[in-house]
Each structure stands twice: as C-alpha cells, then as structure tokens.
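The chain contents come next:
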Amino acid sequence: MPRNFSRFLPWLDVLAIAAWGGLLLNYWLSGRLYLLIHPSYTWLTVAAGVCLLLISGLKAGVLLTSRRERQAPSVQHLSLFPPGWSSFLLLAMAIAGLLITPRAFASQTALDRGVTDAITLTRVKPQTFKASSRTEDKTLIDWIRTLQVYPEPDAYTGQKAKIQGFVVYPPNVPEQYFLITRFVITCCAADVYPVSLPVKLTTGNRKAYKPDSWLEIEGQMITETFEGRRQLTIQAASLKPIPEPKNPYNY
C-alpha cells in the first residue's frame, strides 16, 4: 500500500465514526427516527449519536497532536480485506442513510408478514389500556386489545367505530371487503407487525380505495364470516381519505 495513502487511513476511521453519529442525530432532529425505533429508545439513540461524535472528535485531536501519526505505522493486517475497507463501508452506509429517506412499511410488507392472519388472529399481546364509554374513540389497536380480552364479535355488534389506517387487499376476500391496517412497533423497524380489521363497503367498489392509501372510517361493528370463521367487521358509513400520519406506527 502506498505510504501516502496509509497516512489517511486513521482519518477514514474518524470520518466513519462522525458520519454515523451525525446520521443518528439527523434522524432525531428531522423527526424520522420514529420510523426506525420505538420512542422508548429515542434517548439511547441520541446518546449514541453524541458519543460517536465525541469519540470522532477525540480521535481527530489525537491524530493532529501525535507526531507518530506523521509516519505510516507498521501494522500486520490479518483481514482478507484491504486496510481501511471496513471504515470505508461504514462511511458509505452512513452517507447512504443521509441521502435515502426512510419510509414507513406498506401493504405489501403487511401481506408478507401475515396480515391475512390478522383477520382471525392478532399477534398483539394484551396490555393495560383505558376503557372508554365512547367506542368511536377507540383506535384500531384498542379494538384489537379488546378482542384479545373478549374475542366474541357479537358482543360488539352495533357499537360505533371511527378508525384510521391504510388499505390492504388480502387474498381470498370478496370485493366488498378490505382490511384497515396499522403496524405495531415494539423495538425497531425489524420487528413491526400488522394488525387489522375487515371493512365492509355498503356502496361502491373497493377499487376506489387504493392499497396503501390512508382512510378514516366511520361506521358500526358487525359480525361477518370469513372462510368459516366469524370476525368483527366495520360496516362503513363513511370513508374519508387522510394524509399519512407523521408517525404511522402504533405502540
């Protein structure tokens, strides 16, 4: 390796560490961090970003003040990759993270992760939540948790519902139905999973509502049968398109 190039290898480490610190803080300051991790871990991510910037600054100070860094150190590299390759990859990934805007998961991911099963079985664990005398104040996740406690759909027939979510077309479901869906995040984007309720249209065709489009649905609860299983379903009285929320996940 040319001596002049090897002198820059320690600075490549500094740039890679600083870039990752800047990336984490950039996600936080831009409000995009919620697309990647649960809010409970925001403080830990911000602390990691600050620590990485401090480490890169300390390392840069050492390089500037140390006379020994004027000569390329003689180090035996046991890696199969050229020296500095790992730092270059880390730096390239951090730059890509700054250039590429993270996006929330959509309907295809919901189907891939088993949203069809959410018609009859949800994966959300029962949690403590506040009961409300106004059923139209319940969110989608509130309904899912209610069903986990008492899954008999007839118990909720006639109750009012007002739910926001995005549209998913599951396979083997009649044309007058679709799923209103939200993702639940427990730790990070790698473990998000979908929860859904079927929606029955009383008029029109579901093709008027494109997959991944966000809707606010008002109606009442009824019981419908899908593939031999009875399922709580929203009979839609009104469907209003809404923009995708700033934070599209439930917790």
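Look a little higher up for the structure.
Here the residue numbers are simple positions, counted from 1 along each chain's written sequence. Whole-chain, interface and lining totals are the exception, using all residues; otherwise, since this is a predicted model, local features are given only for residues with pLDDT of at least 70 and side-chain atom pairs are given and counted only at 80 or more. Only hydrogens and water are set aside when side-chain values are computed; all heavy atoms of the structure are taken into account.

Student: Provide a residue-level description of the packing of aromatic side chains, including the pertinent values.
Tutor: Within a pair of aromatic rings, the relevant descriptors are the distance that separates the centres and the angle that separates the planes. Only centres within 6.5 Å qualify two rings of Phe, Tyr or Trp (six-membered ring in Trp) as a pair; their planes then separate them into stacked at under 30 degrees, edge-to-face at over 60, and tilted for everything else. Per the stated rule, a full pass over the model turns up six aromatic pairs. With a centroid separation of 6.1 Å and an interplanar angle of 90°, the aromatic rings of Trp143 and Tyr156 are classed as edge-to-face. Of the two residues, Trp143 is situated in helix H6 (residues 140-149) and Tyr156 in the loop between H6 and strand E1 (160-168); the sequence distance between them amounts to 13 residues. The burial state of Trp143 is the same as that of Tyr156; both residues are buried. With 5.6 Å between their ring centres and 55° between their planes, Phe166 and Trp214 make a pair best called tilted. Of the two residues, Phe166 sits in strand E1 while Trp214 sits in strand E4 (residues 214-226), which places them 48 residues apart along the sequence. The burial state of Phe166 is the same as that of Trp214; both residues are buried. Joined through ring pairs, the aromatic side chains of Phe166, Phe183, Trp214 and Tyr249 make up one cluster. By definition here, charges over rings are those cases where NZ of Lys or CZ of Arg is within 6 Å of the ring centre and within 35 degrees of the ring normal. In this structure, Lys138 is placed above the aromatic ring of Trp143, and the distance from its NZ or CZ to the ring centre is 4.4 Å. Think of it this way: any DSSP run of H or I at least four residues long counts as a helix, any run of E at least two long counts as a strand, and we number them from the N terminus. Under the scheme applied here, a residue whose accessible area is under 20% of the maximum for its type counts as buried, over 50% as exposed, and between as partly exposed, the area being computed with a 1.4 Å probe on protein chains only.

Student: Outline the pattern of salt bridges, supporting the account with residue identities and numerical values.
Tutor: Between Lys or Arg on one side and Asp or Glu on the other, a salt bridge is scored when a side-chain nitrogen of the former is within 4 Å of a carboxyl oxygen of the latter. Within the structure shown, the criterion is met by seven salt bridges. Among the salt bridges present, the one from Arg134 reaches Asp137, with a minimum N-O distance of 2.9 Å. With relative accessibility at 43%, the residue Asp137 sits in the partly exposed group. For the salt bridge of Arg206 with Glu175, the shortest nitrogen-to-oxygen distance reads 3.5 Å. In this pair, Arg206 sits in the loop between strand E3 (193-201) and E4 while Glu175 sits in the loop between E1 and strand E2 (177-184), placing the two residues 31 residues apart along the sequence. Look at Arg206 and you get buried, because its relative accessible area is 8%. Residue class for Glu175 comes out partly exposed when judged on its relative accessible area of 41%. Taken together, the shared-partner salt bridges connect Arg134, Glu136 and Asp137 into one network.

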